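Read off the chains here:
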Amino acid sequence: MRIALDAMGGDLGPGAVVAGAIQALKKGPSDLELILVGRSPEIEPHIKEQGAPSRRLELVYAPDVAGMADSPSYVVRNLPGASIKVAFGLHASGEADAVVSVGNSGATMAVGMLSLGRLPGLDRPAAAAVFPGLKAPTVVLDVGANMDSSALMLLQFGFMGSVYAEWALGFKKPSVGLLSIGEEGGKGNSVVKRAYDLLRNSPLNFAGNIEGRDLFSGDINVVVCDGFVGNVCLKLAEGLLRSYNQLMRSEVLDTPAGMLGGLFLKPSFKRLAQRMDHEAYGGAPLLGLNGVGYICHGNSRPKAIASAVRMATESVNGEVTTRLSQGWDSYSGSAYNHKDAPQQID
């Protein structure tokens, strides 16, 4: 098992990626090998400093870096030696089984599509994130790969999310909800209304529209939306959780009574933090690529990077790409040919 990591794109620099790679090697299977892709002079000092196992860690030179502010088209046209390009090139040639990127999400998506292509019949890959919930976690997609999505793409996201939720989280026939401004089928913009009809007449376990307040209930296993809305939801959730933790800490430490109560509640706080820890999943898989690619947050810490490597490894072993490829024909055929399905689907 060989996973290529773009070591250059993250906000915390290559040191965080190297530390995450070392964690992944320590906790992962013995046959796991990692390929760090980027500017060798900037990566090597971290490898030496942190004592990385050289026999399971390879360094591949790439002279260019896709900056967070660079547009995908700029990276594709003007940075032939970008580390994310080299990483996906290794995957396309079979020298790596998957790619994990901590860099520019748009560039990762564009380069991944150009290098690996899409699965047959699917319009665009989607980035899927796992949200913690009261009853169970929820897969939300798209969370940033496609800013504009057609109704047909939202149907495809529902299918891909359903396959991923069944594999990654163990749900049997996962329920699928469409994120909108009301539960009624007539609510939402024109694309959402059209997607509602497609999902309702598909063989998916469609539960109807859901609202933003339902994202963390755990009642719905898969939530579908376009990448703009999904990314806003993702960042809002992360910011709210961060603010809540800071407020809770300040309240507990504000008075002696609060500090005493905090000592008794410390085990409960620890369990809650574990349940709400987004770093346990590390990154968002690009479902629909003809290969395995994971996008991490730009500010990902070593734990999140190690988790993304673990999930990428499990995706390869679980043949998620094959599951998506083999299943789409039966889903799409049922959705298109149903007697009540809309005639116009794009």
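Summarised in this report is the structure supplied together with it. Here the residue numbering is sequential within each chain, running from 1 through the sequence in written order. Local features in this predicted model are restricted to residues whose pLDDT is 70 or higher, and side-chain atom pairs enter the listing and the counts only when it is 80 or higher, whereas totals over whole chains, interfaces and linings include all residues. The basis for every side-chain value is the complete set of heavy atoms in the structure, and neither hydrogens nor water enter the calculation.

**Some details on the side chain of glutamine 156**
Now for step 1: Helix and strand labels come from DSSP, where a helix needs a run of H or I of at least four residues and a strand needs a run of E of at least two; each type is numbered from the N terminus. Position of glutamine 156 relative to the elements: it lies in helix 6 (residues 151-168).
Now for step 2: We call two N or O atoms a polar contact when they sit within 3.5 Å, provided that within protein one can donate a hydrogen and the other can accept it, with sequence-adjacent residues counted only if both atoms are side-chain atoms. From its side chain, glutamine 156 meets the backbone oxygen of glycine 121 in a polar contact 3.3 Å long.
Now for step 3: Should any heavy atoms of two residues lie within 4.5 Å, those residues are considered in contact. What glutamine 156 contacts, discounting residues up to four positions off in sequence, is Gly121, Leu122, Asp123, Arg124 and Trp328.

**A short note on unusual backbone geometry**
Now for step 1: A cis amide bond links leucine 141 with the next residue in sequence, aspartate 142, at an omega value of 10°.
Now for step 2: Note on placement: aspartate 142 falls in the loop between strand 6 (138-141) and helix 6.
Now for step 3: Here lysine 173, not a glycine, exhibits a phi torsion of approximately 50°, which is positive.
Now for step 4: Along the polypeptide, lysine 173 turns up in the loop between helix 6 and strand 7 (175-179).
Now for step 5: We note that glutamate 319 has phi near 50°; this positive angle belongs to a residue other than glycine.
Now for step 6: Considering the arrangement of structural elements, one finds glutamate 319 in the loop between helix 10 (302-317) and helix 11 (320-337).

**Looking at the nonpolar core**
Now for step 1: Core analysis: the largest hydrophobic core is formed by 66 residues, its most contacted members being Ile3, Leu5, Leu34 and Leu36.
Now for step 2: Sorting elements by how many residues they give to this core places helix 6 first, with 12 residues.
Now for step 3: Not counting residues up to four positions away in its chain, the partners in contact with isoleucine 3 are Leu32, Glu33, Leu34, Ile35, Ala98, Val100, Val309, Ala312 and Thr313.
Now for step 4: Here the nonpolar core consists of buried residues drawn from Ala, Val, Leu, Ile, Met, Phe, Trp, Tyr and Cys, with membership extended through side-chain atoms lying within 4.5 Å. Only protein chains enter the accessibility calculation, which uses a 1.4 Å probe. A residue is then buried if its area is under 20% of the maximum for its type, exposed if over 50%, and partly exposed in between. With 39 residues, the next largest nonpolar core counts Leu90, Val111, Leu116 and Ala129 among its residues.

**A few points about the pairing of strand 8 (residues 205-210)**
Now for step 1: Pairing of strand 7 with strand 8 involves five bridges; the strand directions are parallel. Within the sheet, the bridge partner assigned to glycine 177 lies in strand 8 and is glycine 208.
Now for step 2: Crossover handedness is defined here as right-handed if the route from the first strand over the helix to the second strand goes clockwise, with the strands pointing away from the viewer. In this view, the connection linking strand 7 to its parallel neighbour strand 8 by way of helix 7 (residues 190-200) has right-handed handedness. The criterion for strand pairing is that DSSP finds at least two bridges linking the strands in question.

**Quick look at the packing of helix 1 (residues 14-27) against helix 10**
Now for step 1: Where helix 1 meets helix 10, the closest approach of the two axes is 7 Å, and the angle between their N-to-C directions is 50°. Relative to helix 10, the element helix 1 is oriented oblique. Handedness of the helix 1/helix 10 crossing: right-handed. Between helix 1 and helix 10, the residues in contact are Ala16, Val17, Ala19, Gly20, Gln23 and Ala24 and Pro302, Lys303, Ile305, Ala306 and Val309, respectively.
Now for step 2: Charged residues are taken to be Asp, Glu, Lys and Arg, nonpolar residues to be Ala, Val, Leu, Ile, Met, Phe, Trp, Tyr, Cys and Pro, and polar residues to be all remaining types, Gly included. The residue makeup of the contact of helix 1 with helix 10, split by class, is eight nonpolar, two polar and one charged. Comment: axis = line fitted to C-alpha atoms, over the contacting stretch for helices; angle = value between 0 and 180 degrees taken between N-to-C directions. An angle below 35 degrees is read as roughly parallel, one above 145 as roughly antiparallel, one from 65 to 115 as roughly perpendicular, and any other as oblique. When the near helix sits turned anticlockwise from the far one by under a right angle, the crossing is termed left-handed; a clockwise turn instead gives a right-handed crossing.

**A short note on a nonpolar patch on the surface**
Now for step 1: Patch membership needs two things, relative accessible area over 30% and no salt bridge, and members are linked within 9 Å if like-charged or within 5 Å if nonpolar (Val, Leu, Ile, Met, Phe, Trp, Tyr). In short, Shrake-Rupley with a 1.4 Å probe defines the accessible areas, and a residue's cover is counted only from the protein chains shown. Should a side-chain nitrogen of Lys or Arg be within 4 Å of a carboxyl oxygen of Asp or Glu, the pair is scored as a salt bridge. A cluster of nonpolar side chains, Met147, Phe228, Val229 and Val232, forms an exposed patch at the surface whose accessible area comes to about 350 Å².
Now for step 2: Here valine 232 lies in helix 8 (residues 227-252).

**Points about helix 1**
Now for step 1: Between its first and last C-alpha, helix 1 extends 20 Å over 14 residues, near the 20 Å set by a 1.5 Å rise per residue.
Now for step 2: The element helix 1 is largely enclosed, with a buried count of 11 among its 14 residues.
Now for step 3: Within the span of helix 1, buried status applies to Pro14, Gly15, Ala16, Val17, Val18, Ala19, Gly20, Ala21, Ile22, Ala24 and Leu25. A helix's residues, less one, multiplied by 1.5 Å, set its expected span.

**Quick look at the packing of aromatic side chains**
Now for step 1: When two rings of Phe, Tyr or Trp (its six-membered ring) have centres within 6.5 Å they constitute a pair, described as stacked for plane angles under 30 degrees, edge-to-face for angles over 60, and tilted for the intermediate range. Applying the stated criterion across every chain yields a total of three aromatic pairs.
Now for step 2: Look at tyrosine 196 and phenylalanine 206: their rings are 5.4 Å apart centre to centre, the planes differ by 75°, and that puts the pair in the edge-to-face class. Placement of tyrosine 196 in helix 7 and of phenylalanine 206 in strand 8 is noted, with a sequence separation of 10 residues between them.
Now for step 3: In this structure tyrosine 196 comes out as buried when scored by relative accessible area, which is 17%.

**Examining the side chain of glutamate 211**
Now for step 1: Mapped onto the elements, glutamate 211 comes out in the loop between strand 8 and strand 9 (222-224).
Now for step 2: Exposure remark for glutamate 211: the relative accessible area of 17% places this residue in the buried category.
Now for step 3: Sequence-distant contacts of glutamate 211, that is, excluding residues within four places in its chain, are made with Leu179, Ser180, Ile181, Gly182 and Glu183.

**Some thoughts on the sheet that holds strand 11 (residues 293-296)**
Now for step 1: Strand order across the open sheet formed by 11 strands is 3-2-1-4-11-10-5-6-9-7-8, with mixed pairing between neighbours. Of all strands in the sheet, those with a lone pairing partner are strand 3 (57-61) and strand 8, marking the two edges. Direction aside, neighbouring strands of the sheet carry axes that sit 25° apart on average.
Now for step 2: By the bridge criterion, three bridges tie strand 10 (residues 283-287) to strand 11 in an arrangement that is antiparallel. Paired with proline 285 across the bridge in strand 11 is tyrosine 294.

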